[in-house]
Amino acid sequence: MFTRHYAHWPEGLPKQLELPRVSIYQNLAAAAQRRPERAAIDFYGTRLSYAELDREALRLAGFLQQRCGVRKGDRVLLDLQNSPQFVIAYFAALRADAVVVPLNTMNRTEELRHYVEDSGARVAIAGQDVFPELQPLTGRGGLEQVIVATYSDYVRAPTDLPLPSFVREPRRDFPGVIPWREAIAAACAPAPHTAGPDDLAVMPYTSGTTGKPKGCMHTHANVQATATAYLEWRGGPPEPVVLSALPMFHVTGMQAGMNAPLNAGATLVVLSRWDRDCAALQIERARVTNWSAITTMLVDFLSNPKLAEYDLSSLKVLGGGGAAMPEALAAKLEQVFGLKYVEGYGLSETMAPTHINPPQQPRRQCAGIPIFNTDARVLDPESLRELAPGEVGEIVVHGPQVFQGYWSQPEATAQAFIVHDGKRFFRTGDLGYYDEEGYFFITDRLKRMINASGYKVWPAEVEALLYAHPDIQEACVIGARDGYRGETVKALVVPKEAARGRLKPEEVTQWARGRMAAFKVPRIVQFVNELPKTATGKILWRKLQEEENAKAP
């Protein structure tokens, strides 16, 4: 067991945390029983109590079972923006003993097709803003039942807050689908809840260096591990108010912005789309105490010329992850908020954090130390020899938050794990080291991945879509430095002979916008005559990436 970091353990906290052996839905049920009238959600000024949240989740769970035929272990797709409906649908699916498959709302039809086919889901719950991308996949496309939600249904109080256009949009009805309001109004009672800690609960998708995205199988116990740990570790007031601005379809937003706060009986101040003025207004009005944010969000927040006009004094806990926090920005945050930014580290495969900085002694541009019940080591990627402080190798982790494996991918699952020191460790694919005091630092990625504003972009997936362009012969996608996003997506493209001199970079970018999520679209397109290859014909992407990295320090 790695214990070097124990000298910096948060004061008063146990090294091992006893985790509840119940389903994630039971967290909501317990909170609703303790404080039924407490506000569970503040959605642009409209408040939903814990009793209402639990009641609607139960009604939707019953509808999923009785009208949609959902059975234990069935996968249910969630294609929703941050909203009361996301939270209700998430807990309803779990209460129905199903498995939640959260989808990035920026995905387009061809990307969604893979998730439908791979997961085998027959039922989806979608927002009316994103349903048109899912619509071609209904009926013969694989989805048998779709429930469509209108966000404005939950904006019940007058507000002067700046609402996203899709939140203001009135209800629309689509043929062949079930309106959300009808599903709730049916008031179907669910069957007895039978899902336990070792049953599958959530299956977020991630990807690797090859192939299409893979489903990460997480049990209720896996999800409990970080849902229980987050607020215990970071501390804060006894009745926290949490700004939930990170997307809940991503494991960080799901755990830091939904599951952990609800487990603690907190109020979620939900933003459907990032807006720096709305965030500041809601911190002031709702008296937000806790906020988990990514770097680009905070850069935008601090650049607001009206920032001094807002009362931000309620904020007590500030942290996040996804990308290293620049030194200058961390200093500015401390100046504005009087708080230290507490960084953490985790992956989709670990249901968010394996490491977080100790709140009393955080370090900048540092992943932190292993959290409750978590063992982390650094191994030589080739020899698998355990390395000493300061030596760079692959970070491997063992803990209750580590996933069970990839859905229907036994070979990829076998490659993701290693037995070391008598334990099954997950190979993160991230390179890093720990110092003499047990703090971990990320230096590079063994896996091929681009981190654009905290969103993970998998080059193989983008390349596969680019190859569908009629004028592209070959493509290699790499990361390019970007002052705002940290990294951005760059495509090196070999045009087909007939298109050379005619095809324009902006045409490739525009074409890509219609076929992939916005964060995956190549912002930079460079035409080349050929791509370097190995003797066996594999494109030397690492060589191209190193050349790109050498251009900018």
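Up top is the structure these notes are about.
To start, this report covers the structure provided alongside it. (Residues numbered from 1 in each chain as written. Predicted model: local features only at pLDDT ≥ 70, side-chain atom pairs only at ≥ 80, totals over all residues. Heavy atoms only, no water.)

A separate point is the pattern of salt bridges. With the rule as written, the count across this model stands at 33 salt bridges. Between R4 and E436 there is a salt bridge, with the nearest N and O atoms lying 3.3 Å from each other. Here E436 lies in the loop between β22 (423-434) and β23 (440-445) and R4 lies in the segment before α1 (24-34), a separation of 432 residues in the sequence. Across the pair R47 and D42 runs a salt bridge whose closest N-O atoms are separated by 3.5 Å. A residue is classified by how much of its surface remains accessible, and D42, at 4% relative accessible area, is buried. (Salt bridge = Lys/Arg side-chain N within 4 Å of Asp/Glu carboxyl O. Helix = DSSP H or I, 4+ residues; strand = E, 2+ residues; numbered from the N terminus. Buried < 20%, exposed > 50% of the residue type's maximum accessible area, 1.4 Å probe, protein only.)

Turning our eyes to something else, we now look at the nonpolar core. Y90 and W291 are the most contacted members of the largest nonpolar core, which totals 99 residues. No other element matches the nine residues that helix α3 (residues 84-95) contributes to this core. Y90 has contacts with I24, L78, V100, V202, V223, M254, M258 and N259, leaving out every residue within four places of it along the chain. Of all hydrophobic cores here, the second largest spans 23 residues; its members include V116, F131, F174 and V177. (Core = buried A, V, L, I, M, F, W, Y, C linked by side-chain atoms within 4.5 Å. Contact = heavy atoms within 4.5 Å.)

Once that is clear, we can look at the sheet that holds strand β2 (residues 46-49). Sheet architecture is open: nine strands sit in the order β2-β1-β12-β11-β13-β14-β15-β16-β17, paired in mixed fashion. The two strands at the open ends of the sheet, each matched to only one other strand, are β2 and β17 (369-370). Lying over the sheet, helix α9 (residues 251-263) contacts β1 (39-43), β11 (241-244), β12 (267-270), β13 (290-292), β15 (342-347) and β16 (352-356), oriented at roughly 145° with respect to β12. (Pairing = 2+ DSSP bridges. Axes fitted to C-alpha atoms, helices over the stretch in contact; angles between N-to-C directions.)

In this structure the tally under the stated criterion is 23 aromatic pairs. Ring geometry for F2 against Y434: centres 4.8 Å apart, planes inclined by 75°, an arrangement best described as edge-to-face. Of this pair, F2 sits in the segment before α1 while Y434 sits in strand β22, placing them 432 residues apart in sequence. Judged by relative accessible area, which is 5%, Y434 ranks as buried. Pairing W291 with F301 gives two aromatic rings, centres 5.1 Å apart and planes at 70°, and the pair type is edge-to-face. In this pair, W291 sits in strand β13 while F301 sits in helix α11 (residues 295-302), placing the two residues 10 residues apart along the sequence. The cationic tip of R95 hangs over the ring face of Y25; the distance from NZ or CZ to the ring centre is 5.8 Å. In this structure, R363 packs its charged tip against the face of Y439, placed 3.7 Å from the ring centre. (Phe/Tyr/Trp six-rings, centres within 6.5 Å; stacked < 30°, edge-to-face > 60°. Lys NZ or Arg CZ within 6 Å of the ring centre and 35° of its normal.)

Everything listed is a geometric property; what it means functionally is a separate question.
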